[in-house]
Amino acid sequence: MTLTVEQRIHRLRKRLAELELWTVRAGIPLEGWTFNDQPLALGTPWPTRDGTVVLAHGEAEVPADWPLEECRLDLDLGGEGLVRVTYAGGVCEGFGLDPNHRQLPLKGRRFFVRAECVARLPFGVPSRDARLARARIVRIDPELCDFALLVTQVAETAEVLQMHEAVPPLLSAGEAALARLDWPSATEAYVARVAPGTEMQKVWQLPAELLPEPPGLDDAQRASVRAAADLLKERFGALRDRYPPSGALAMTGHAHIDLAWLWPLDETRRKANRTFHTMIGLMERNPDFRFNQSTAQLYAFLEEDDPALFERIKEKVAAGQWEPNGAMWVEPDTNMPTGESFVRQLLYGQRYFERHFGKRHTVCWLPDCFGFSPALPQLLRQAGVENFFTIKVNWSETNAMPFDLFWWEGLDGSRVLAHTFNNPVGGYNAEIGPRAALETWRNFRGKHDHPESLIAFGFGDGGGGPTQEMLDRARQLAGFPAVPALRQVRVGEWFEDVRQKIAERPDLPVWVGEMYLELHRGTLTTQGRTKFLHRRAERALITAETLSSMATLLGEPAAASLEEHWRVLLRNQFHDILPGSSIREVYELAEAELSSVVAAGKEKIDAHLAAIARRLVIKGGKAGFLAVNPDLSPRPLRLSSSEPLPGGQAVEGGCVLAGSRQVPGLSAAVMMEVRPAAGLTVEERRLENVDLRVELAGDGTLSSVYDKRAGREVLSGRGNQIWAYTDKPRNWDAWEVEENYAGQGEEIGASAMEVVERGPHRAAIRITRRFRDSTITQTVRLWANSPRLEFKTDIDWHERRILLKARFPLAIRADHAIFECAHGVIHRPTHRNTSWDQARFEVAAHRFADLSEQGYGVALLNDGKYGHHAVGNELGLSLLRSPVYPDPLADEGQQSFSYALFPHDGDWLTGGVLAEAEDLNQPLLCLPAKSHAEASWSAARLDGMALGLSAFKPAEEGSRFVLRVYEPAGARGAVEIALPQGWRLGSEVNLLEDGAEPADRCFLPFQLHSWTFEKEQ
């Protein structure tokens, strides 16, 4: 009778279940534990599951006749924890304890145990029955363990290879090896051994009085195990000659540690400590083991939490086993941070790694981010990073990423070498074995360009990392037929090797532009308060640095670095914090931290503003004010102040003022006697100035926005429709917006409208909407000197699983819309011709999205939102989402933000969209002053083409300043630069502020330049 392959595999697995029950020869329970210094018996639940607890055991001793190399400390203490085993003489070794790391090797016969634990399982799941479940010293049978793993991999290889002609002889080799075993059969001992097995646990009633410690294999039986293993390896040798390795994989040990996600930040610090202790131990026992770990923030935490462990890591880095990687401060979201945030991720990340480990990185390691900005290749190259790695692009649901080894070309044409792999067994947390190896190689589309793919292995997301079994599996697979060759590598060296080998290959695929993830679109909106504070924190730090530089150019002392505040902002850009996919505790901390950054930035801004005033204001008796423009674009004079301004208009919360004058970029002006522009009027349902006439319908929407300058209607239907959509995705509650969300929605009409500002500088109508238990209050505002129509929005939200959107049908016909991204814009289609177009039903934008036809357009601006849609002639902005997992109260309660409609002539750049978006996000700064006369001063004047400001900051070293600017629209040209007396244009530097070449004032499309300003000698 001939069995099928499936039947033969099943037979192997049946025998394996038996073998595994003999792998532990004997065990000794460890009694006498304490829990927070109180006695706790084995099997007893924890007295409390709150916070971090300490379980400890007094001195334990390994039996004298047990070989130490066969002994393990076998623990299940009830949750995850850091176990410290202390031996005679004070030698201590740490281990991470979790469901994947429970058998700990021992270095001495006598030891003490102390464990700091939390009642949590992987992925933050509460251990609701946390108890001291298991604690014992066990003696394993190493040869049997190795043989059982070998046969396991035979079965797994056969399952994956299926019809491959190597499968029948491979199974025959496994069967022949098992036939060599001399196995125990004495009833009493045998039944006691197999009683814990899955099959026996199904028996109605097991025999009474089973042996508590049934004997393991005797010497003769262990000899049969050795003989069986030798036979199997001998058969493998012959099979491997016939069926040599198919492909090759470069292995890098990895422990993806989300900085926060389903656990709070403090637990991440503990997870990192546990994981890193485990990895150091693995390195000491496996000299060929290579491990890579990104995220400068984790190392900085470790410096504080466990300096001794940090020093051991530095030793392993020097030895070549531990590879710091990634170049950035954290693994950030790459859809929402501004370009300067990416610069600081790289600047502070690279400086940290170089300072502590002696080397900058050449690989950007972002395995788990939710899509990738087209700004990244240029920024990476300017920070010395030539290579890029991710996995997440393989998660797209509709269209498969066509390449996995390719050049990624960014907005400006810069290229980095990009690689991804498609591993079905854990993704970037590969569990090494035949399936992971064979299917990762099978899925590698770039094999014809390069004969080896990366594979990152080790338990992750919540850390943990590789296990000894994974390393043993890899060593065993080296002798298997038809399985890809495996080798341990350092990631940076692997990429360098690939670059050398493909240097002669001009046909390597190229992916141009953003890598949009067709998944997790809801992360552009979830946790709106955090996103708003993130935007405020970015602007506060950039503006504070700009004002400090301006003040120093005026003669004030140089200001201290804001790196400590940047670090706080950067860590809150982590790819599970900023996107809104973490638990409530994460956002309580994130909002507090980001608020502290905003407050620190404001404190610096106020101090520098006062310093500028001291230098510019000529003391006198005339009432006036100092106005400062902290961006490059010239701005109309529009001021908001908590203090009265001469000639200003009192409004709720302070005073506003709008004049006919402009404030040039990076300049300050002392002004007096400002008069508002004429023509601002307001009625119950009407706002009008010299530029626009706005009419409101009874339901609170815009029935008309008429552009008086162009003589045309802006809208094609009612504008500012507020819609509430049922938001119940099939998976990933906080992450997803379904493609059919628009099919189940309800428009929210107004319940009240009233005029609240009557000019002469600004007019406003307040609209109140009620939706179930929630209230939406919008103040529709029009300045006397602007065609920007603002919607100041205050929401008191008490609903779950609702998506709130604002919709604007526009009298514009365009086949694409323009969305601001980091250091540039992205053009995306407004049609749905292809599946690629259809998948982009919700997309990211920073401060604006624009729909323009030849000669005219309309922009939708915002001061803290990121989710948008552009379909046909409609622009839409996602205002709020309220999922329940993993934070049941996401976006509950109060939040405030603004967005605006801005009609313009020409294209978006010549029409002033960038300047208006800058102004909405960072208005002109002002300070009331008593002055003798008006005055003005410019820190830098750039003429020749429109540019965007990334930063104007003190250099990290020395007394220079760095001005970083970018071409925002895809144009080319050159600029002339004028500086204040006593200062000169210095050199061109990269993002790490290296370089001494003359400043290049010519720009290619989307090019970024960083120049130094230096004092003239």
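Residues numbered from 1 in each chain as written. Predicted model: local features only at pLDDT ≥ 70, side-chain atom pairs only at ≥ 80, totals over all residues. Heavy atoms only, no water.

1. Considerations on the overall build of the protein chain
Operational definition: Numbered from the N terminus, helices here are DSSP runs of H or I no shorter than four residues, and strands are runs of E no shorter than two. We compute the radius of gyration over the C-alpha atoms and compare it with the globule rule, which gives 2.2 Å times the number of residues raised to the power 0.38. Categorising residues by exposure relies on relative accessible area from a 1.4 Å probe, with only protein chains included: less than 20% of the type maximum marks a residue as buried, more than 50% marks it as exposed, and the intermediate range marks it as partly exposed. Any two residues whose heavy atoms approach within 4.5 Å are treated as being in contact.
A tally of regular secondary structure across the protein chain gives 18 helices and 56 strands. A globule of 1017 residues ought to have a C-alpha radius of gyration of about 31 Å, and the protein chain, at 33 Å, matches this closely. With the C-alpha coordinates aligned to their principal axes, the bounding extent of the protein chain is approximately 105 × 65 × 65 Å. For the protein chain, with 1017 residues in total, the buried portion stands at 62%. Within the protein chain, contacts between residues at least 6 apart in sequence are counted, and of these 75% link residues at least 24 apart.

2. Here's the deal with empty space enclosed by the protein
The following threshold applies: For each structure, a 1 Å grid was placed over the protein atoms alone; sets of points admitting a 1.4 Å probe that cannot get out are labelled cavities, open sets with protein on both sides within 12 Å along at least five of seven lines are labelled pockets, and lining residues have an atom within 4 Å of a point. Grid points are joined across faces, edges and corners, and a volume is the space filled by probe spheres set on the points. Classification convention: Asp, Glu, Lys, Arg as charged; Ala, Val, Leu, Ile, Met, Phe, Trp, Tyr, Cys, Pro as nonpolar; all other residues, Gly among them, as polar.
All chains considered together, the criterion is met by 8 cavities of 30 Å³ or more. Approximately 160 Å³ is the volume attributed to the largest cavity. Around the largest cavity, the lining is made up of 20 residues, and of these Thr338, Gly339, Arg539, Glu820 and Arg847 lie nearest the centre. Those elements that place two or more of their residues in the lining of the largest cavity are α9 (339-357), α14 (528-553), β38 (816-821) and β49 (948-954). A total of 4 residues in the lining of the largest cavity trace back to one element, the largest contributor, which is α14. When its residues are assigned to classes, the lining of the largest cavity shows 7 nonpolar, 5 polar and 8 charged. If you add up the space inside the second largest cavity, you get close to 110 Å³. Considered class by class, the residues forming the lining of the second largest cavity number 9 nonpolar, 4 polar and 4 charged.

3. Re the sheet that holds strand β47 (residues 935-938)
To be explicit about the condition: Pairing between strands requires that DSSP locate at least two bridges from one strand to the other. Working convention: axes come from line fits to C-alpha atoms, limited for helices to the stretch in contact. Angles between N-to-C directions cover 0 to 180 degrees.
Ordered in space as β46-β21-β25-β47, the 4 strands form an open sheet in which the pairing is antiparallel. Because the sheet does not close on itself, it has two edges, and the strands there are β46 (925-931) and β47. Pairs of neighbouring strands in the sheet enclose a mean axial angle of 15°, with direction left out of account. As paired strands, strand β21 (residues 619-629) and β46 are joined by 8 bridges and run antiparallel to one another. Each residue of the ladder has a partner; that of glycine 624, found in β46, is alanine 929. Sitting on the sheet, helix α16 (residues 584-616) is in contact with β21, β25 (667-671), β46 and β47, with an inclination near 35° to β46.

4. Side note on the packing of helix α7 (residues 296-305) against helix α8 (residues 307-319)
For clarity, the threshold we go by: Angle categories: roughly parallel below 35 degrees, roughly antiparallel above 145, roughly perpendicular from 65 to 115, and oblique for all the rest.
The N-to-C vectors of α7 and α8 enclose an angle of 130°; their axes lie 6 Å apart at closest approach. Compared by their axis directions, α7 and α8 come out oblique. Contacts between α7 and α8 involve Tyr299, Leu302, Glu303, Glu304 and Asp305 on the former and, on the latter, Pro307, Leu309, Phe310 and Ile313. Partitioning the contact of α7 with α8 into residue classes produces 6 nonpolar, no polar and 3 charged.

5. Describing the UniProt feature "domain: Glycoside hydrolase family 38 central" (unreviewed entry) in the protein chain
Note the cut-off: UniProt positions are given in the numbering used here, feature names are shortened, and annotations may be inferred rather than shown by experiment.
Taken from the UniProt record, the annotation "domain: Glycoside hydrolase family 38 central" (unreviewed entry) applies to residues 518-594. Across residues 518-594 one finds 60% helix and 0% strand; the C-alpha atoms that close the span lie 29 Å apart.

6. Concerning α8
Inclusion rule: A helix is expected to reach a length of 1.5 Å times the quantity of its residues less one. Within this analysis, the arc is defined by the directions that extend from the helix axis to the C-beta atoms.
Over its 13 residues, α8 runs 19 Å from end to end, which matches the ideal 18 Å to within 8%, given 1.5 Å per residue. Taken together, the buried positions of α8 are occupied by Leu309, Phe310, Ile313, Lys316 and Val317. Along the axis of α8, the buried positions cluster into a sector of 115°, meaning they face one direction only. For α8, the exposed residues lying more than 90 degrees away from the buried face are Ala308, Glu315, Ala318 and Ala319.

7. Description of a nonpolar patch on the surface
What counts is decided by this rule: Residues enter a patch when their relative accessible area is above 30% and they make no salt bridge; the linking distance is 9 Å between like charges and 5 Å between nonpolar side chains (Val, Leu, Ile, Met, Phe, Trp, Tyr). Per-residue and other accessible areas follow the Shrake-Rupley method at a 1.4 Å probe size, with only the shown protein chains counted as cover for residues. Salt bridges are defined as contacts in which a side-chain nitrogen from Lys or Arg sits within 4 Å of a carboxyl oxygen from Asp or Glu.
Taken together, Leu121, Phe123 and Val125 make up a surface patch of nonpolar side chains, about 230 Å² in accessible area. Position of phenylalanine 123 among the secondary structure elements: in the loop between β9 (110-118) and β10 (134-140).

8. Focus on the side chain of threonine 268
As a reminder, the rule being used: Think of a polar contact as two N or O atoms within 3.5 Å of one another; within protein, one of them needs to be a possible hydrogen donor and the other a possible acceptor, and neighboring residues in sequence only count if both atoms come from side chains.
Looking at where threonine 268 falls in the secondary structure, it is placed in helix α6 (residues 265-285). Within the local environment of threonine 268, its side chain forms a polar contact with the backbone oxygen of aspartate 258, the two atoms lying 3.5 Å apart. Excluding residues within four positions of it along the chain, threonine 268 makes contact with Ile257, Asp258, Leu259, Ala260, Trp263 and Leu298.

9. As for the sheet that holds β9
To summarise the sheet geometry, strands pair through backbone hydrogen bonds and adopt either a parallel or an antiparallel arrangement. If you walk across this open sheet you meet the 6 strands as β3-β2-β4-β9-β6-β7, and the pairing is antiparallel. Looking at strand neighbours, the two that pair on one side only are β3 (38-40) and β7 (92-97), the edges of this open sheet. For this sheet, the mean angle separating the axes of adjacent strands, direction not counted, is 25°. As defined by bridge partners, strand β2 (residues 33-35) adjoins strand β4 (residues 53-61) across 3 bridges and the pair is classed as antiparallel. Within the sheet, the bridge partner assigned to tryptophan 33 lies in β4 and is histidine 57. Across the sheet, α6 is in contact with β6 (80-87), β7 and β9; its angle to β7 comes to roughly 120°.

10. Quick look at the nonpolar core
Cut-off, in case you're wondering: Buried residues of nine kinds, namely Ala, Val, Leu, Ile, Met, Phe, Trp, Tyr and Cys, make up a nonpolar core once their side-chain atoms join them within 4.5 Å.
Ranked by internal contacts, the top residues of the largest apolar core, which has 195 residues, are Phe147, Ile313, Trp322, Phe388, Trp408 and Phe952. Element by element, the count of residues in this core is highest for α16, at 11 residues. Core analysis: the second largest hydrophobic core is formed by 53 residues, Val858, Leu860, Leu879 and Leu901 among them.

11. A closer look at unusual backbone geometry
Residue proline 760 is reached from glycine 759 by a cis peptide bond, and omega for that bond is 10°. By the secondary structure assignment, proline 760 is in the loop between β33 (750-758) and β34 (762-771). The omega angle of the peptide bond from tyrosine 885 to proline 886 is 5°, so this bond is cis rather than trans. By the secondary structure assignment, proline 886 is in the loop between β44 (874-881) and β45 (893-905). Although it is not a glycine, aspartate 37 adopts a positive phi angle of roughly 75°.

12. Looking at the pattern of salt bridges
Across all of its chains, the model carries 87 salt bridges by this definition. Its salt-bridge partner being aspartate 129, residue arginine 131 comes within 2.9 Å of it at the nearest N-O pair. Residue glutamate 469 is joined to arginine 473 by a salt bridge in which the shortest nitrogen-to-oxygen separation is 3.0 Å. Of this pair, glutamate 469 and arginine 473 are both found in helix α12 (residues 468-477), 4 residues apart, which corresponds to roughly one turn of the helix. With a relative accessible area of 44%, glutamate 469 lands in the partly exposed category. Connected through salt bridges with shared partners, the residues Asp631, Arg635, Arg638, Arg781, Arg788, Glu790, Glu916 and Asp919 form a single ionic network.

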